[in-house]
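So the chains spell out like this:
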Amino acid sequence: MKKNIYKLFIIAFTAVFLVACGAKTKDSGDSSLSKVEDKKVLTVATSGTLFPSSYYNDKNELVGYDVDIVKEVAKRLNLKIEFKEYNVDGQIASLDKGETDFAANDFGLTAEDRKKKFSLSTPIKYSFTSLIVRKSDDSGIHSLDDLKGKKAAGEPNTSYMKFAEKMGAIPVTYDNATNDQYLTDVANGRTDVIINDYYLQKMSVGALPNIPVKILDGIYFDPSESGFLFKKESDKLREKVDSTLEDMKKDGTLAKISNTYFGEDVSVKSDKKIETVDSK
């Protein structure tokens, strides 16, 4: 009888020990939140050139929809904020290297290679894809099939440029260029089309009315969600940010910031008719 009790004690102790070790391993494996709390600074990758998500205003201040939301998140978490500016590839590399805590630059998560390494926060913007073309002739584009042979402008390795190439377009790539350069090149025929997020395109065209380009009416496709980009290993920090974003949505802060930049609430889904296509 004593021998059986002894065996049970050994088994029970072993189980408790394994559970404790497992919990310890799980906790010690993700220091993303504790690292930020210890240094009291949130370090965020962005571009500073993507209007209206991340750009410099007339006072040379870094502002934008994503940027202002990040500032509010940091404020609510009692953290200082430090932005580091890169192009899209640079932002992703900074996450990989641990130089930044997350990236805020209208990021979606459609590319399969990114899904393996990164995760997205709760959405801060619901949108879809549109085409910017010349006003004079619509750049000869009347459907997505007409993208074949057209010169598509964008940053390399984005989901939009991958879709353009899939449709037979000729990629013309830029390195962190400003909106006026993109739009001017379409207007003068250096390129034919810009494939990108509808709301970003709407704001860009509206901000530069003297450049003769437009959003092609009626061709809206691929509903999308954007948020902040995290490494998969940063679950604890992402969960903390997600909780803060949910609070901001409930108390109307997200809608208020959205209306400042977009004139409407992009933190809820659009009622436009949007086609779903296989853009991968």
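As a reminder, the structure under discussion sits directly above these lines.
Residues numbered from 1 in each chain as written. Predicted model: local features only at pLDDT ≥ 70, side-chain atom pairs only at ≥ 80, totals over all residues. Heavy atoms only, no water.

Participant: So what exactly am I meant to see when it comes to the overall build of the protein here?
Facilitator: Secondary structure summary: the protein contains 10 helices and 13 strands in total. Within the protein, buried positions represent 46% of all 280 residues. Of the roughly 14600 Å² that the protein leaves accessible, carbon and sulfur atoms contribute 53%. (Helix = DSSP H or I, 4+ residues; strand = E, 2+ residues; numbered from the N terminus. Buried < 20%, exposed > 50% of the residue type's maximum accessible area, 1.4 Å probe, protein only. Areas by Shrake-Rupley, 256 points an atom, 1.4 Å probe, with all protein chains shown as cover.)

Participant: Would you mind going over the environment of Glu225 with me for this structure?
Facilitator: Looking at the element boundaries, Glu225 is found in strand β13 (residues 221-231). Glu225 sits in the partly exposed class, given a relative accessible area of 41%.

Participant: Can you walk me through the side chain of Ser267 in this structure?
Facilitator: You can see Ser267 is positioned in the segment after α10 (253-262). For Ser267, a relative accessible area of 2% corresponds to the buried category. Within polar-contact distance, the side chain of Ser267 engages the side chain of Asp265 at 2.5 Å. Once you skip the residues sitting within four places of it in the chain, Ser267 turns out to touch Tyr65, Ile124, Tyr126, Lys249, Leu254, Ala255 and Ser258. (Polar contact = N/O pair within 3.5 Å; in protein donor to acceptor, adjacent residues only side chain to side chain. Contact = heavy atoms within 4.5 Å.)

Participant: How should I be thinking about the pattern of salt bridges in this particular structure?
Facilitator: Any two side chains of opposite charge can pair, given that their charged atoms come close. In the structure shown here, the tally under the stated rule is 14 salt bridges. A salt bridge links Arg238 to Asp235; its shortest N-O distance comes to 3.1 Å. Of this pair, Arg238 and Asp235 both sit in helix α9 (residues 235-250), 3 residues apart, roughly one helical turn. You can call Asp235 partly exposed: its relative accessible area is 31%. (Salt bridge = Lys/Arg side-chain N within 4 Å of Asp/Glu carboxyl O.)

Participant: Where do I start with the side chain of Glu72 in this structure?
Facilitator: Within the secondary structure, Glu72 sits in helix α3 (residues 65-76). Apart from residues no more than four positions distant in its own chain, Glu72 is found in contact with Met248 and Thr253.

Participant: Is there a simple way to think about the packing of aromatic side chains in this case?
Facilitator: Aromatic rings in a pair are described by how distant their centres are and how their planes are angled relative to each other. Under the criterion given, the structure shown has 13 aromatic pairs. With a centroid separation of 4.7 Å and 65 degrees between ring planes, the pair formed by Phe51 and Tyr55 is classed as edge-to-face. The pair formed by Phe51 and Tyr55 is uniform in burial state, with each residue classed as buried. Considering the side-chain rings of Phe128 and Tyr220, the 5.5 Å spacing of their centres and the 70 degrees angle between planes classify their relative orientation as edge-to-face. (Phe/Tyr/Trp six-rings, centres within 6.5 Å; stacked < 30°, edge-to-face > 60°.)

Participant: Looking at this structure, I do not really get the nonpolar core. What am I missing?
Facilitator: Proteins that are soluble and globular tend to have nonpolar side chains buried together. Of all hydrophobic cores here, the largest spans 46 residues; its most connected members are Ile69, Phe102 and Phe228. Looking at this core, the element that brings in the most residues is α3, giving 5 residues. In contact with Phe102, other than residues within four places in its own chain, are Leu42, Thr43, Val44, Ala45, Val70, Leu95, Phe228, Leu229, Phe230, Leu237 and Val241. The next biggest cluster of nonpolar side chains, apart from the first, holds 15 residues, and it includes Leu131, Leu147, Phe163 and Met167. (Core = buried A, V, L, I, M, F, W, Y, C linked by side-chain atoms within 4.5 Å.)

Participant: Help me understand the sheet that holds strand β4 (residues 62-63) in this model?
Facilitator: On the basis of which strands lie adjacent, the open sheet formed by 3 strands has the order β2-β3-β4 and antiparallel pairing. Edge strands, defined here as strands with exactly one partner in the open sheet, are β2 (49-50) and β4. The pairing of β2 with strand β3 (residues 54-56) spans 2 bridges and is classified as antiparallel. Counted as the bridge partner of Leu50 is Ser54 from β3. (Pairing = 2+ DSSP bridges.)

Participant: What is the right way to look at the pairing of strand β11 (residues 193-197) in this model?
Facilitator: Counting buried positions over the 5 residues of β11 gives 4, a clear majority of the element. Bridge count for strand β8 (residues 125-134) against β11 is 4 bridges, and the pairing is antiparallel. Residue pairing for β11: Ile132 is matched across the bridge by Ile194. Summarising the sheet, strand β9 (residues 151-154) and β11 pair through 2 bridges and their orientation is parallel. Directly across from Ala152, in β11, lies its bridge partner Val193.

Spatial relationships are all this shows, so hold off on functional conclusions.
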